[in-house]
Amino acid sequence: IKQRWRENRIGKHKDAYQVILDGVKGGTKEKRLAAQFIPKFFKHFPELADSAINAQLDLCEDEDVSIRRQAIKELPQFATGENLPRVADILTQLLQTDDSAEFNLVNNALLSIFKMDAKGTLGGLFSQILQGEDIVRERAIKFLSTKLKTLPDEVLTKEVEELILTESKKVLEDVTGEEFVLFMKILSGLKSLQTVSGRQQLVELVAEQADLEQTFNPSDPDCVDRLLQCTRQAVPLFSKNVHSTRFVTYFCEQVLPNLGTLTTPVEGLDIQLEVLKLLAEMSSFCGDMEKLETNLRKLFDKLLEYMPLPPEEAENGENAGNEEPKLQFSYVECLLYSFHQLGRKLPDFLTAKLNAEKLKDFKIRLQYFARGLQVYIRQLRLALQGKTGEALKTEENKIKVVALKITNNINVLIKDLFHIPPSYKSTVTLSWKPVQKVEIGQKRASEDTTSGSPPKKSSAGPKRDARQIYNPPSGKYSSNLGNFNYEQRGAFRGSRGGRGWGTRGNRSRGRLY
């Protein structure tokens, strides 16, 4: 009763509160007092709510940094009832500050009101993401991508996660490549999307962004870049229950036939190897394919391009002379692995679907490649013999270790195909993937511990890791062992219809508090 009496008594001093509000137009001392007392007595004067919020916002833009910081710090006190979405919208706009202390205060204030009303806060954030200036949009998206995972389960309820997914779908209608990666990070981290059906939803979102219904244009760098970016986001989502069939089919039908003409905006990137690696990773989780034989043949034909005939058996003098053809081990590992995975679904392809002459030609190529492979493996083992610990950490030896993984993988797969009839039972771990013992039925690793973690923004040039091209001492069996990190290489440039995968139109709106 005493508290209520006190509040009623305070509520009668409307004129005094108005004087406090007018203090924002006074000097430094008056503004500092106003920054403290406007929020303190805000709840007692609901009829002056708009004036009070506007007065506090004036202080948030004051020239005196200490006044600005005090005003921002107190903003969560205005986040009551129907005012909360507006305060969230305001705080989101304030993310554009370049002052690090203010920026941290804004982040903390947003987190504070998030815990009061997650839905209302999301309303303010997404309002600015959809309609705000580019700098505000960018920082609001980054806020969600970094801060959501820090919130407790009682804040991120199923209903809240459903709202995040619904609003994210609206944003994904017009995003840059970098924004897309961040939203995939946000969505992949939601507990409600950790299920099989949830992962399937995410794959469908990625497929839509990848434009898999459209004809692939290999001469358009942005088209190529968009497909690769989307596929990188999809790969960690695939499993024995979430199939990669749609992506694998598109790669076989649209990309493989154009492999040699692919263009990329990333200087120095081996775009062909990048594509083949993605195909290899996806092939393990391919389900029932509609045109399996046709696509398997396209994969087989592409494999033949990297499996040369012995010089003396080449037609029309091709590769004639003493020079041995170069064996592209990295390419062959990817293609052979993909063929081996899809071949399991049509095990009689080599014996029943190819004519006898074609099969004989393939075995000659396999035999020749296997001979070169054995020479290379011996050279690598000899070079690494007796080396342990620190000795294996030198750049040169790291390259040799990876080269040995590649050649051993190819060796295992070739042995399988030499069986009569060809076998598809052996399993290998792709050379660029970590070796992991995964028990049957084990749950997939969380988003933060898989290769699906969104890539970091690249620096000026494409980043190569230690696994670069290694030429064996003899020079006879040189190969391209370049290995690239699956990282984001800048945002997409260009647009398609209403969904621009590049620079969005600048939205200069000024203060919209």
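Residues numbered from 1 in each chain as written. Predicted model: local features only at pLDDT ≥ 70, side-chain atom pairs only at ≥ 80, totals over all residues. Heavy atoms only, no water.

1. Brief notes about the overall build of the protein chain
Each helix and strand counted, the protein chain has 20 helices and 0 strands in total. Residues counted as buried form 50% of the 513 residues belonging to the protein chain. Relative to all contacts within the protein chain whose residues are 6 or more apart in sequence, the contacts with residues 24 or more apart total 75%. Total accessible area on the protein chain is roughly 25,100 Å²; 48% of this is exposed by carbon and sulfur atoms. (Helix = DSSP H or I, 4+ residues; strand = E, 2+ residues; numbered from the N terminus. Buried < 20%, exposed > 50% of the residue type's maximum accessible area, 1.4 Å probe, protein only. Contact = heavy atoms within 4.5 Å. Areas by Shrake-Rupley, 256 points an atom, 1.4 Å probe, with all protein chains shown as cover.)

2. Comments concerning the packing of helix α3 (residues 28–40) against helix α4 (residues 49–60)
As a packed pair, α3 and α4 sit with axes 10 Å apart at the nearest point and diverge in direction by 140°. As the angle between them shows, α3 and α4 are arranged oblique. In terms of crossing hand, the pair formed by α3 and α4 is left-handed. When α3 is examined against α4, the residues K31, A34, A35, I38 and P39 are found in contact with a partner set consisting of A52, A55, Q56 and L59. Classifying every residue of the contact of α3 with α4 by side-chain character gives 7 nonpolar, 1 polar and 1 charged. (Axes fitted to C-alpha atoms, helices over the stretch in contact; angles between N-to-C directions. Parallel < 35°, antiparallel > 145°, perpendicular 65-115°, else oblique. Left-handed = near helix turned anticlockwise from the far one by under 90°. Nonpolar A, V, L, I, M, F, W, Y, C, P; charged D, E, K, R; others polar.)

3. A look at unusual backbone geometry
Between I420 and P421 the backbone carries a cis peptide bond, its omega angle lying at -5°. If you trace the backbone, P421 turns up in the segment after α20 (395–418). Of note, the phi angle at D211 is positive, near 60°, even though the residue is not glycine. For D211, the position within the fold is in the loop between α12 (196–210) and α13 (221–234).

4. Let's talk about α13
Counted at 1.5 Å a residue, the expected span for α13 with its 14 residues is 20 Å, and the 20 Å between its end C-alpha atoms agrees. The backbone nitrogen of D222 has a side-chain oxygen 3.0 Å away, supplied by the residue at the start of α13, namely D220. (Expected span 1.5 Å × (residues − 1). Polar contact = N/O pair within 3.5 Å; in protein donor to acceptor, adjacent residues only side chain to side chain.)

5. Looking at helix α9 (residues 134–147)
Here α9 contains 14 residues, and its C-alpha end-to-end distance of 20 Å stays within 8% of the 20 Å for a straight helix at 1.5 Å per residue. Taken together, the buried positions of α9 are occupied by V136, R137, A140, I141, F143, L144 and S145. Where α9 is buried, its residues contact α6 (84–94), α7 (100–116), α8 (118–131), α10 (158–171) and α11 (177–188).

6. A closer look at the nonpolar core
Residues I38, F247 and L350 are the most contacted members of the largest nonpolar core, which totals 146 residues. In terms of residue count, helix α19 (residues 356–384) provides more of this core than any other element does, 11 residues in total. For F247, the residues in contact, after removing those within four places along its chain, are V203, V206, A207, A210, L212, T231, A234, F238 and M282. (Core = buried A, V, L, I, M, F, W, Y, C linked by side-chain atoms within 4.5 Å.)

7. Re the side chain of R68
Within the fold, R68 resides in helix α5 (residues 65–74). Here the side chain of R68 touches D62 through a polar contact of 2.8 Å, landing on its backbone oxygen. Setting aside its immediate chain neighbours within four residues, R68 contacts L59, C60, E61, D62, E63 and E102.

8. Examining the confidence of the model for the protein chain
Low pLDDT means the predicted atomic positions in that stretch should not be read closely. In the predicted model, the protein chain carries a mean pLDDT of 83, and 80% of its residues have values of at least 70. A low-confidence stretch, residues 1–5 stays under pLDDT 50, and its non-local contacts, those more than four residues away or across chains, total 0 contacts. Confidence drops under a pLDDT of 50 for residues 438–499, and excluding neighbours within four residues, the segment shows 165 contacts in the predicted structure. (pLDDT = per-residue confidence, 0-100.)

9. Remarks on the pattern of salt bridges
Counting across every chain of the model gives 21 salt bridges. One salt bridge in this structure joins R246 and E213, with 2.8 Å as the shortest N-O distance. Here R246 is found in helix α14 (residues 245–255), whereas its partner E213 is found in the loop between α12 and α13, with 33 residues between them in sequence. In this structure E213 comes out as exposed when scored by relative accessible area, which is 62%. Its salt-bridge partner being K398, residue E395 comes within 3.9 Å of it at the nearest N-O pair. On the criterion of helical spacing, the pair formed by E395 and K398 is a turn pair, its members being 3 residues apart in helix α20. Its relative accessible area of 47% is what places E395 among the partly exposed residues. What makes K398 partly exposed here is its relative accessible area of 33%. (Salt bridge = Lys/Arg side-chain N within 4 Å of Asp/Glu carboxyl O.)

10. Some details on the environment of F300
If you trace the backbone, F300 turns up in helix α16 (residues 292–305). Residues F300 and L335, 35 residues apart in the sequence, show an inter-C-alpha distance of 8.2 Å. With sequence-adjacent residues up to four places away left out, F300 is seen in contact with F339, F349, L350, L354, K358 and F362.

11. Digging into the environment of H13
On the secondary structure map, H13 appears in the loop between α1 (2–11) and α2 (14–22). You can call H13 partly exposed: its relative accessible area is 45%.

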